[in-house]
Amino acid sequence: MTAQWTALAALLVVTAVLALTWRSAQGRVRTTAPGAVDAAATGWTDELVAQGVTPGDRATFLQLSAEVCSACRSTARTLGALAAEEPGVTHVEVDVDHRPDLVERARVRRTPTVLVLDAAGTEVARASGGMTPARARDALATVPSAPVAGRTA
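Residues numbered from 1 in each chain as written. Predicted model: local features only at pLDDT ≥ 70, side-chain atom pairs only at ≥ 80, totals over all residues. Heavy atoms only, no water.

Comments concerning the overall build of the protein
The helix and strand inventory of the protein stands at five helices and five strands. In the protein, the order of α-helices and β-strands from amino to carboxyl end is α-β-α-β-α-β-α-β-β-α. Buried residues in the protein amount to 41% of all 153 residues. In the protein, 76% of the contacts between residues at least 6 apart in sequence involve partners at least 24 apart. Here the protein has roughly 8700 Å² of accessible surface; of this, 61% comes from carbon and sulfur atoms. (Helix = DSSP H or I, 4+ residues; strand = E, 2+ residues; numbered from the N terminus. Buried < 20%, exposed > 50% of the residue type's maximum accessible area, 1.4 Å probe, protein only. Contact = heavy atoms within 4.5 Å. Areas by Shrake-Rupley, 256 points an atom, 1.4 Å probe, with all protein chains shown as cover.)

Examining helix α5 (residues 133-141)
All buried positions along α5 are accounted for by Ala136, Ala139 and Leu140. Each buried residue of α5 lies within a common arc of 100° when the element is viewed along its axis, so the set occupies one face. Where α5 is buried, its residues touch β1 (29-31), β2 (59-65), α3 (70-85), β3 (89-95) and β4 (113-118). (Arc of directions from axis to C-beta.)

Quick word on the confidence of the model for the protein
The predicted model of the protein averages 83 in pLDDT, with 84% of residues at 70 or higher. No element of the protein has a lower mean pLDDT than β1, at 72, and none a higher one than α3, at 95. Across residues 148-153, confidence stays below pLDDT 50; counting only partners more than four residues off in sequence or on other chains, it has eight contacts. (pLDDT = per-residue confidence, 0-100.)

Focus on the pairing of β4
Two faces belong to every sheet, and in a regular strand the side chains alternate between them. A large share of β4 lies buried, amounting to six of its six residues. Here β4 shows no split at all, with Thr113, Leu115 and Leu117 on one side and Val114, Val116 and Asp118 on the other all buried. Taken together, the six bridges between β2 and β4 define a ladder with antiparallel strand orientation. Residue pairing in the sheet places phenylalanine 61 in a bridge with valine 116 of β4. Relative to strand β5 (residues 123-128), β4 runs antiparallel, the two being bridged by five bridges. By the bridge assignment for β5, leucine 117 is matched with glutamate 123. The turn joining β4 and β5, which pair antiparallel and follow one another in sequence, is formed by four residues; a positive phi near 85° is taken by glycine 121. (Pairing = 2+ DSSP bridges.)

In structure tokens, the structure reads:
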């Protein structure tokens, strides 16, 4: 009986460690290295305009979501609130079920995935999983503050 209790305790510890590791990765912002930007990471401005959205003069949060995703709804509220209070910031939510081409282009593996775009429409960072307001601000901080030629602040 003692071996069973020991095994159960070990299983609980492993489960707790895995849960904490998974939770800490939720919404973690990963910057996109300038040299690592490929064709898929640039040119998002045309896509936004095709969606009927004016890109932000400072930054755009392009959120790829699924209708059945509860973390997507909370992330949309968080990013929408941040975009409303920060000048030049726009939040756009796209349903992955309606745009599988964007899922492939953005290399999305889970929802929500948020691409952080600079004023030129180039991906500067991305986050997967639910985002807290603090992580959303961290994501916004990855955007260079210098304006892009031809765009007004």
